[in-house]
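So you can see what is in the structure, the chains are spelled out below.
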Amino acid sequence: MKRRFPRGDAGPIGAAGWLFAELAMVLVVIAIGSEVTAPSAVVLTPPVADTPTTAPSQGLALTTVRFTIPATADDATVLADFRAALDRTVGPQGRVGLILLFGKSTTANPAQGTRLSERLKAVVTPANLPQLRTTVDIRPYFGGDGAPGQVMVELFLLT
């Protein structure tokens with residue numbers, strides 16, 4: 001006598017086959033949906049030159065310009081050194097938006113470095129230098145590169 005299995009169910013092997021078939025179908029759908037197509041060619045026409053009604057906006061450049069000057073002399077000498085270094089670095093037509101001053105202390109006290117930076121900030125005013133806007137932001141700090149008694153000046157130029 002032969003045993004016969006019902007034709008509708010193949011047991012666990014049949015369920016695994018159907019699971020494998022559905023996994024293959026999902027992978028095919030994902031593969032078809034993720035095909036990369038070449039972008040269509042875009043033809044750019046130059047814009048018509050309109051006269052601007054407002055002034056273009058300015059921002060700070062992310063690259064900085066640095067120089068170091070001695071800050072232990074009298075105010076007139078410090079201002080002359082700063083003006084000469086500014087002219088060498090950014091030129092007479094350069095525009096500066098932010099100045100960071102890092103004073104190097106001559107003693108172990110870092111507060112003296114901050115005092116050097118604050119003194120340079122008091123000497124440098126926008127009225128004295130054409131490269132500085134009237135709303136230039138000058139911030140004194142301590143530390144930086146250079147010998148003791150010097151101030152490293154970091155300039156952020158306007159774009």
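Residues numbered from 1 in each chain as written. Predicted model: local features only at pLDDT ≥ 70, side-chain atom pairs only at ≥ 80, totals over all residues. Heavy atoms only, no water.

A. Molecular detail of the nonpolar core. If you look at the biggest cluster of nonpolar residues, it comprises 20 residues, and the most contacted ones within it are F67, F82, L86, I99, L120, V153 and L155. Listed by contribution, the elements that provide at least two residues to this core are β1 (60–70), α2 (75–90), β2 (96–103), α3 (110–123), β3 (132–142) and β4 (150–158). Examining the composition of this core, we find that 5 residues originate from one element, α2, more than from any other. Excluding its chain neighbours within four sequence positions, the residues that come into contact with V153 are V65, R66, F67, F82, I99, L100, L101 and L120. (Core = buried A, V, L, I, M, F, W, Y, C linked by side-chain atoms within 4.5 Å. Buried < 20%, exposed > 50% of the residue type's maximum accessible area, 1.4 Å probe, protein only. Helix = DSSP H or I, 4+ residues; strand = E, 2+ residues; numbered from the N terminus. Contact = heavy atoms within 4.5 Å.)

B. Structural view of a nonpolar patch on the surface. Taken together, L23, V26, L27 and I30 make up a surface patch of nonpolar side chains, about 380 Å² in accessible area. Assessed through its relative accessible area of 46%, V26 is described here as partly exposed. (Patch = residues over 30% accessible without salt bridge, like charges linked within 9 Å, V, L, I, M, F, W, Y side chains within 5 Å. Areas by Shrake-Rupley, 256 points an atom, 1.4 Å probe, with all protein chains shown as cover. Salt bridge = Lys/Arg side-chain N within 4 Å of Asp/Glu carboxyl O.)

C. Summary view of α2. For α2, which comprises 16 residues, the first-to-last C-alpha distance of 22 Å matches the rise-based estimate of 22 Å (1.5 Å per residue) to within 8%. Every buried residue of α2 is accounted for by V78, L79, F82, A85, L86 and V90. Down the axis of α2, the smallest arc covering the buried residues is 130 degrees, so these residues share one side. Across from the buried face of α2, at angles greater than 90 degrees, the exposed residues are A76 and R88. Phi turns positive, to about 80 degrees, at G91, one or two residues after α2. (Expected span 1.5 Å × (residues − 1). Arc of directions from axis to C-beta.)

D. Quick look at the side chain of S117. Within the secondary structure layout, S117 lies in helix α3. Here S117 falls in the buried class, since its relative accessible area comes to 0%. A polar side-chain atom of S117 sits 2.7 Å from the main-chain amide nitrogen of G103. (Polar contact = N/O pair within 3.5 Å; in protein donor to acceptor, adjacent residues only side chain to side chain.)

E. The packing of α2 against α3, seen in detail. Running from amino to carboxyl end, α2 crosses α3 at an angle of 80 degrees, the nearest separation of the two axes being 10 Å. One element, α2, and the other, α3, form an angle in the roughly perpendicular class. Side by side, α2 and α3 meet where D75, V78, L79 and F82 of the first sit next to R119, L120 and V123 of the second. Among the residues making up the contact of α2 with α3, the classes are represented as 5 nonpolar, no polar and 2 charged. (Axes fitted to C-alpha atoms, helices over the stretch in contact; angles between N-to-C directions. Parallel < 35°, antiparallel > 145°, perpendicular 65-115°, else oblique. Nonpolar A, V, L, I, M, F, W, Y, C, P; charged D, E, K, R; others polar.)

F. Representation of α3. An ideal rise of 1.5 Å per residue puts 20 Å on 14 residues; α3 measures up with 21 Å between its terminal C-alpha atoms. Within α3, burial applies to Q112, G113, L116, S117, L120 and V123. Along the long axis of α3, the arc covered by the buried residues comes to 145 degrees, so they all point the same way.

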